[in-house]
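Next come the chains, spelled out residue by residue.
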Amino acid sequence: MDREKMIARHYLDTGILGAYETAEVVCDELVDGKYAPCFEDAMVVFGTEQTHIDRRMDIGGRCFRIRSVFLSDAETTPTDRLLKLIDTELEKDARTA
């Protein structure tokens with residue numbers, strides 16, 4: 001299935017156009033020993049104190065501009081913190097079951 005058909009199928013299935021699932025990773029940047037995926041629909045700006053990613057999403061006929069900001073000297077990433085939260089919730093659920 002070609003890319004356009006995949007995007008159309010995703011939109012028909014979810015009603016969402018422009019989700020990360022339909023964005024291709026065009027390259028990986030290596031910064032301070034860490035890889036950062038660069039998506040075809042986003043701009044990544046690496047600074048000395050922070051890295052930010054700007055993205056535009058069209059959902060339901062409305063345009064949303066999204067900026068994600070990551071501190072350069074952070075010891076953990078937002079993904080690391082989210083995974084820890086998920087693990088904590090799963091452990092709590094296992095104890096109460």
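Each chain carries its own residue numbering, running from 1 in the written order of its sequence. With the structure being a predicted model, the display of local features is reserved for residues of pLDDT at least 70 and the display and counting of side-chain atom pairs for 80 or more, all residues being used for whole-chain, interface and lining totals. In computing side-chain values, all of the structure's heavy atoms are included and hydrogens and water are not.

Undergrad: Explain the overall build of the chain to me, please; I cannot follow it from the model alone.
TA: In terms of regular secondary structure, the chain is built from two helices and five strands. The helix and strand sequence of the chain, counted from the amino end, reads α-β-β-β-β-β-α. Relative accessibility under 20% of the residue-type maximum defines a buried residue, over 50% an exposed one, and the middle range a partly exposed one, all with a 1.4 Å probe and only protein chains included. Within the chain, the fraction of its 97 residues that count as buried is 13%. Every residue pair with non-hydrogen atoms within 4.5 Å of one another is taken to be in contact. Counting only contacts in the chain whose residues sit at least 6 apart along the sequence, the fraction spanning at least 24 positions is 11%. Labels follow the DSSP assignment, with helices taken as runs of H or I lasting at least four residues and strands as runs of E lasting at least two, numbered in each case from the N terminus.

Undergrad: Is there a simple way to think about the sheet that holds strand β4 (residues 50-59) in this case?
TA: The strands making up a sheet are joined through hydrogen bonds of the backbone, oriented either antiparallel or parallel. Ordered in space as β3-β4-β5, the three strands form an open sheet in which the pairing is antiparallel. The open sheet has two edge strands with one neighbour each: β3 (42-46) and β5 (62-71). Pairs of neighbouring strands in the sheet enclose a mean axial angle of 15°, with direction left out of account. Alignment of β3 against β4, held across five bridges, turns out to be antiparallel. Residue pairing across strands places Ala 42 opposite Arg 55, the latter belonging to β4. When DSSP finds at least two bridges between two strands, those strands are taken to pair. Note on geometry: axes are lines fitted to C-alpha atoms, helical ones only across the stretch in contact, with angles between N-to-C directions running from 0 to 180 degrees.

Undergrad: Where do I start with the pattern of salt bridges in this structure?
TA: Once the charged atoms of two side chains with opposite charge are near each other, the side chains can pair. Salt bridge, as used here: a side-chain nitrogen of Lys or Arg that lies within 4 Å of a carboxyl oxygen of Asp or Glu. Scanning the model with the defined rule gives two salt bridges in all. As a salt-bridge pair, Arg 67 and Asp 54 come within 2.6 Å of each other at their nearest N and O atoms. Of this pair, Arg 67 sits in strand β5 while Asp 54 is found in strand β4, placing the two residues 13 residues apart along the sequence. A salt bridge links Lys 92 to Glu 89; the nearest nitrogen and oxygen atoms lie 3.6 Å apart. A residue pair is termed a helical-turn pair when its members lie 3 or 4 positions apart in one helix, as Lys 92 and Glu 89 do in helix α2 (residues 78-96) at three residues. Judged by its relative accessible area of 36%, Glu 89 falls in the partly exposed class.

Undergrad: Looking at this structure, I do not really get the side chain of Asp 54. What am I missing?
TA: When its relative accessible area of 18% is taken as the criterion, Asp 54 is described as buried. We define a polar contact as two N or O atoms separated by no more than 3.5 Å, with the added condition that, inside protein, one atom must be a possible hydrogen donor and the other a possible acceptor, whereas residues neighbouring each other in sequence contribute only through side-chain atom pairs. One polar contact links Asp 54 to Arg 67, side chain to side chain, over a distance of 2.6 Å.

Undergrad: I keep staring at a nonpolar patch on the surface and nothing clicks. Help me out?
TA: To count toward a patch, a residue needs a relative accessible area over 30% and no salt bridge; like charges are then connected within 9 Å, while nonpolar side chains (Val, Leu, Ile, Met, Phe, Trp, Tyr) are connected within 5 Å. Reported accessibility uses the Shrake-Rupley method at a 1.4 Å probe radius. Residues are deemed covered only where the shown protein chains occlude them. Residues Leu 82, Leu 83, Leu 85, Ile 86 and Leu 90 make up a contiguous nonpolar surface patch of roughly 470 Å² in combined accessible area. Note that Leu 85 resides in helix α2. Judged by its relative accessible area of 48%, Leu 85 is partly exposed.

Undergrad: In this structure, what is going on with the pairing of β5? I would like to understand it.
TA: One face of the sheet, then the other: side chains in a regular strand alternate in exactly this way. Bridge count for β4 against β5 is ten bridges, and the pairing is antiparallel. Residue pairing for β5: Thr 51 is matched across the bridge by Phe 70.

Undergrad: What am I meant to see in the environment of Asp 54 here?
TA: On a C-alpha basis, the gap between Asp 54 and Val 69 in space is 9.0 Å, while along the polypeptide they are 15 residues apart. What Asp 54 contacts, discounting residues up to four positions off in sequence, is Asp 41, Ala 42, Met 43, Ile 66 and Arg 67.

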